[in-house]
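# Topology and contacts: notes
Here's the letter readout for the chains.
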Amino acid sequence: MEIVNVLSIAGADPTGGAGIQADLKAIAANGGYGMAAVTALVAQNTCGVRDVHVPPTDFLAAQLAAVSDDVRIDAVKVGMLGTPEVITTVAEWLERTRPPVVVIDPVMVAASGDRLLGAEAEAALQRILPLADLITPNLPELAVIAGAPVAETWDAMLEQAGAVAAQHGVRVLAKGGHLAGPSSPDALVDPSGGVVAFAGARIATGNSHGTGCSLSSAVATRIARGADWATGVGAARAWLRESLQASDALDVGQGSGPLHHFAGLWSRGAVDGAGGTASDIRAEWWDGIAEVRAATDALPFITRLADGSLPREAFLAYVAQDSLYLGEYARVLARLSTLAPDPAAQRFWLHAAQGALIGELELHRDRLDGAPIGAPSPTTTGYTNHLVASCSDEYAVAAAAALPCFWMYSDIGTRLFRGELGERACDPEHPYAEWIAAYDDAAFAADTESAIALVTELAAAARPDLRERMWGAFRISAEWEHDFFRQTAVDGAGSARSADREHLVPVS
Ligand SMILES: Nc1ncnc2c1ncn2[C@@H]1O[C@H](COP(=O)(O)OP(=O)(O)OP(=O)(O)O)[C@@H](O)[C@H]1O
Ligand SMILES: Cc1ncc(CO)c(N)n1
């Protein structure tokens, strides 16, 4: 879909919460390209308005012409107008250019209570309202336009909105933010009397600066993007409520603070670079388990496997647990295959499951000579339980949990084989030479690369909360990898738990 160009014609707020600054943020947050022509410079902050400067209207006309002479305008939002001359200038430009969507927020008073429209301009306002497709008055503004007292009830609000809609031939979104009570309902009333009500509990916040500006810009953008009026208002309100709800996350000013216009987008991960690319995540996660990797390298099981002094019984006890582990790991990989969203990933996990089973059979048959293996140790059980539990979370989390088994094993295997963990490991006479060589396998290295690419790409595309759960599952599996090596008793050293030791009676 083409990106819509939305022009705000409004006053400025140097603190960024209202006026054109809020409009530009609201337009962007709702999917449009924002533009702004300034009607008035307002020296204001979250506490109040200090001064207003209205530049000569010739200059406003020049700004408007500069935009419309060059840019396709898909919607216009009109905010603070300030003086009768400004109203006339904008009205003449609207009559000449006839933008496809015009939303007028008849700004009269700031949230702080300060006037933003001279009393003499209220009459001139009546001239511009019929040029709108929608006007978005709050209750006091609706009353001024209707020439009636401020509505205090929902029914009175609907009646006034209906009268104004009929009189000016425009849709009216009457905003109930100023109604007393626990809800903040709005009503969309059309000139023929149709009403769409939007209910919503009042959000407990003092941050209402710029809500009206932001809502009208959001509606203009949604309509320009093709929504019908009720849907567009509904979408804009949902966005406004989400942004209002998150406003406490900002620390802007001492008074009535602004909305967090991008709260929803940021939480859904739309900020570039927040999560990083797959290769950033690869580096970050690998660094993130640096300590547990270093601790694993230093385990007696590893150092004595490298130098060949690992007792045979300890090696066989380890192999028995590894065989039990691989059987369960294969089930988890097969489950990942059923969870995978595309055939390539489905195929990869199935292939990996088969690889784990072949490994299990070979270990059992060739290293243990088919001797009975016994029961899984507490550590083996803990690790496989973690993997199985991860399968109850989203697919991406389960995939992240399965990754350290590939990654840490391949890393240790490669370094053992090259002698990086002890020179003897390269010696063909090394008692475990054949076993060490198996982990330097090129096919296993290629599968490890595929698993890393698959998981880090999922993480790069994930929402921040999902990415965090993926990292958590990955990190815990890395800890279990360490514990898995640590559980093997080596001359009494290196065994973490006595409960594990009982299960690690050497096989035969
Ligand atoms: N506390 C709140 N909780 C939920 N929604 C709110 C709250 N306050 C305002 N709104 C909503 O915000 C929008 C703007 O309403 P409001 O009546 O405050 O307009 P306004 O007075 O023109 O705003 P401004 O503060 O910019 O002058 C409406 O959709 C209204 O329902
Ligand atoms: C410029 C400007 N427009 C509108 C409002 C109303 O919130 C404001 N405070 N400032």
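The numbering scheme is per chain: residues are counted from 1 as the chain's sequence reads. Here the convention is simple: chains get letters from A, ligands get numbers from 1, in the order in which they are written. For a predicted model such as this one, the threshold for reporting local features is a pLDDT of at least 70, and the threshold for listing and counting side-chain atom pairs is 80 or more; totals across whole chains, interfaces and linings nevertheless cover every residue. The side-chain values count all of the structure's non-hydrogen atoms but skip hydrogen atoms and water molecules.

Stacked, tilted and edge-to-face pairs are distinguished by plane angle, under 30 degrees for stacked and over 60 for edge-to-face with tilted covering the rest, among Phe, Tyr and Trp rings (Trp via its six-membered ring) whose centres lie within 6.5 Å. Applying the stated rule across the entire model yields 20 aromatic pairs. Here Trp285 and Trp471 contribute two aromatic rings whose centre-to-centre distance is 6.1 Å and whose plane-to-plane angle is 40°, an arrangement assigned as tilted. Remark: Trp471 occurs in helix 19 (residues 464-486) and Trp285 occurs in helix 10 (residues 278-288); sequence separation between them is 186 residues. The interplanar angle of 35° and the centroid separation of 5.5 Å between the aromatic rings of Tyr409 and Phe485 together place this pair among those described as tilted. We count a stretch as a helix when DSSP gives it H or I for four or more residues in a row; a strand needs E for two or more, and each element gets its number in order from the N terminus.

A few words now on the pattern of salt bridges. Salt bridges, as used here, are contacts in which a Lys or Arg side-chain nitrogen is within 4 Å of a carboxyl oxygen on Asp or Glu. Taken as a whole and judged by the stated rule, the model has 17 salt bridges. Linking Glu420 and Arg418 is a salt bridge whose minimum nitrogen-to-oxygen distance equals 3.6 Å. Burial classification: accessible surface area is computed with a 1.4 Å probe over protein chains only, and a residue below 20% of its type maximum counts as buried, one above 50% as exposed, and the rest as partly exposed. Take Glu420: its relative accessible area is 47%, and that puts it in the partly exposed class. What you see here is one network of salt bridges that share partners, running through Asp393, Glu394, Arg463, Asp465 and Arg469.

Our next topic: the site of ligand 1. Ligand 1 sits among 19 residues. The nearest are Lys175, Asp186, Ile203, Ser208 and Gly212. In this structure, an oxygen atom belonging to ligand 1 sits 3.1 Å away from a side-chain N or O atom of Thr211. Areas reported as accessible are Shrake-Rupley estimates using a 1.4 Å probe. Residue values count occlusion only from the protein chains shown. When ligand 1 is considered free in solution it has 620 Å² of accessible area, and contact with the protein chains removes 92% of it. With respect to the detected pockets, ligand 1 is housed in the largest pocket. Residue assignment for the shell around ligand 1 shows that the elements contributing at least two residues are helix 7 (211-224) and helix 8 (229-245). Its residues assigned to classes, the shell around ligand 1 comprises six nonpolar, eight polar and five charged. The cutoff for a nearby residue is simple: one of its non-hydrogen atoms must lie within 4 Å of the molecule or strand. We define a polar contact as two N or O atoms separated by no more than 3.5 Å, with the added condition that, inside protein, one atom must be a possible hydrogen donor and the other a possible acceptor, whereas residues neighbouring each other in sequence contribute only through side-chain atom pairs. Cavity and pocket criteria rest on a 1 Å grid covering protein atoms alone: a 1.4 Å probe that fits but cannot get out defines a cavity, protein on both sides within 12 Å along at least 5 of 7 lines defines an open pocket, and an atom within 4 Å of a point defines a lining residue. The rule for placing a molecule in a cavity or pocket is simple: more than half of its atoms must lie within 2 Å of the grid points. The residue classification treats Ala, Val, Leu, Ile, Met, Phe, Trp, Tyr, Cys and Pro as nonpolar and Asp, Glu, Lys and Arg as charged. All others, Gly included, are polar.

Below, the discussion takes up the site of ligand 2. In the vicinity of ligand 2, the contacting residues are Gly11, Ala12, Ala18, Gly19, Gln44, Met80, Val107, Ala110, Leu116, His209 and Cys213. In this structure, Gln44 approaches ligand 2 through a side-chain N or O atom, which is 2.9 Å from a nitrogen atom. Protein chains bury 94% of the 280 Å² of accessible surface belonging to ligand 2 in isolation. In this structure, ligand 2 is accommodated by the largest pocket. Here the shell around ligand 2 is composed, by residue class, of seven nonpolar, four polar and no charged.

Within the largest apolar cluster, 74 residues are counted, with the highest numbers of intra-cluster contacts made by Trp285, Tyr329, Leu333, Trp349, Phe406, Trp435 and Met470. For this core, the element with the highest residue contribution is helix 16 (residues 395-417), accounting for 16 residues. In this analysis, two residues are considered to be in contact whenever any of their non-hydrogen atoms come within 4.5 Å of each other. Residues contacting Leu333, with those up to four places away along its chain left out, are Trp349, Ala352, Ala353, Ala356, Ala402 and Phe406. Residues belong to one nonpolar core when they are buried, are Ala, Val, Leu, Ile, Met, Phe, Trp, Tyr or Cys, and are joined through side-chain atoms within 4.5 Å.

Once that is clear, we can look at the packing of helix 10 against helix 16. Put simply, helix 10 and helix 16 touch, their axes get as near as 12 Å, and they point 75° apart. Classified by the angle their axes make, helix 10 and helix 16 are roughly perpendicular. On helix 16, the residues that touch Arg282, Trp285 and Trp286 of helix 10 are Ala400, Trp407, Met408 and Asp411. Among the residues making up the contact of helix 10 with helix 16, the classes are represented as five nonpolar, no polar and two charged. To obtain each axis, a line is fitted to C-alpha atoms, and for helices this fit is confined to the stretch in contact; angles are then taken between N-to-C directions over 0 to 180 degrees. Here is the rule for angles: anything less than 35 degrees is roughly parallel, anything more than 145 is roughly antiparallel, 65 through 115 is roughly perpendicular, and the remaining ranges are oblique.

Another aspect to go through is the layout of surface pockets. Roughly 930 Å³ of volume is contained in the largest pocket. Going through the elements one at a time, strand 1 (4-12), strand 2 (32-44), helix 5 (139-146), helix 7 and helix 8 are the ones with two or more residues in the lining of the largest pocket. Taken together, the residues of the lining of the largest pocket break down into 19 nonpolar, 14 polar and nine charged. Each pocket or cavity is described by its volume, and for the second largest pocket that value is around 650 Å³. What lines the second largest pocket is a set of 25 residues, and nearest its centre among them are Gly355, Ala356, Gly359, Tyr439 and Phe444. Those elements that place two or more of their residues in the lining of the second largest pocket are helix 13 (312-339), helix 14 (343-367), helix 16, helix 17 (433-439) and helix 18 (442-461). Per-element accounting of the lining of the second largest pocket gives the leading share, 10 residues, to helix 14. Grid points are joined across faces, edges and corners, and a volume is the space filled by probe spheres set on the points.

As a further point, take the pairing of strand 4 (residues 75-78). Along strand 4, one buried face is formed by Ala75 and Lys77 and the opposite face, lined by Val76 and Val78, is buried too. Only strands that DSSP links by at least two bridges are regarded as paired with each other. As paired elements, strand 1 and strand 4 share four bridges and run parallel to each other. Along strand 4, the bridge assignment pairs Val6 with Ala75. In this sheet, strand 5 (residues 102-104) lies alongside strand 4 in parallel orientation, the contact comprising three bridges. The partner of Val76 across the bridge, within strand 5, is Val102. The parallel pair strand 4 and strand 5 is bridged by helix 3 (residues 84-97), and the resulting crossover is right-handed. Whether a crossover is right-handed depends on one test, that the path from the first strand over the helix to the second runs clockwise when the strands point away from the viewer.

Right, let's talk about unusual backbone geometry for a bit. With a phi angle near 45°, Arg98 is a residue other than glycine that sits in the positive phi range. Structurally, the position occupied by Arg98 is in the loop between helix 3 and strand 5.

With that settled, the discussion passes to helix 5. Within helix 5, burial applies to Leu139, Glu141, Leu142, Ala143 and Ile145. Elements that come into contact with the buried residues of helix 5 comprise helix 4 (121-128), strand 6 (134-135), helix 6 (154-168) and strand 7 (171-175). Looking at the residues trailing helix 5, positive phi occurs at Gly147, about 65°.

Before going further, it helps to examine empty space enclosed by the protein. Here the structure, examined in full by the defined rule, presents two cavities of 30 Å³ or more. What the largest cavity holds in volume is close to 60 Å³. Among the elements of the structure, helix 12 (300-307), helix 16 and helix 17 are those that each provide at least two residues to the lining of the largest cavity. With four residues, helix 16 is the largest single contributor of residues to the lining of the largest cavity. Among the residues forming the lining of the largest cavity, the class breakdown is eight nonpolar, one polar and no charged. The volume enclosed by the second largest cavity comes to roughly 50 Å³.

The next thing to look at is the confidence of the model for the chain. The quantity known as pLDDT measures the predictor's confidence residue by residue, on a range of 0 to 100. For the chain, mean pLDDT is 90; residues scoring 70 or higher make up 94% of the total. Contacts from residues 492-496, a stretch scored under 50 in pLDDT, to residues over four places away or in other chains number 12 contacts. Two summary scores accompany this predicted model of the complex, namely pTM at 0.63 and ipTM at 0.94.

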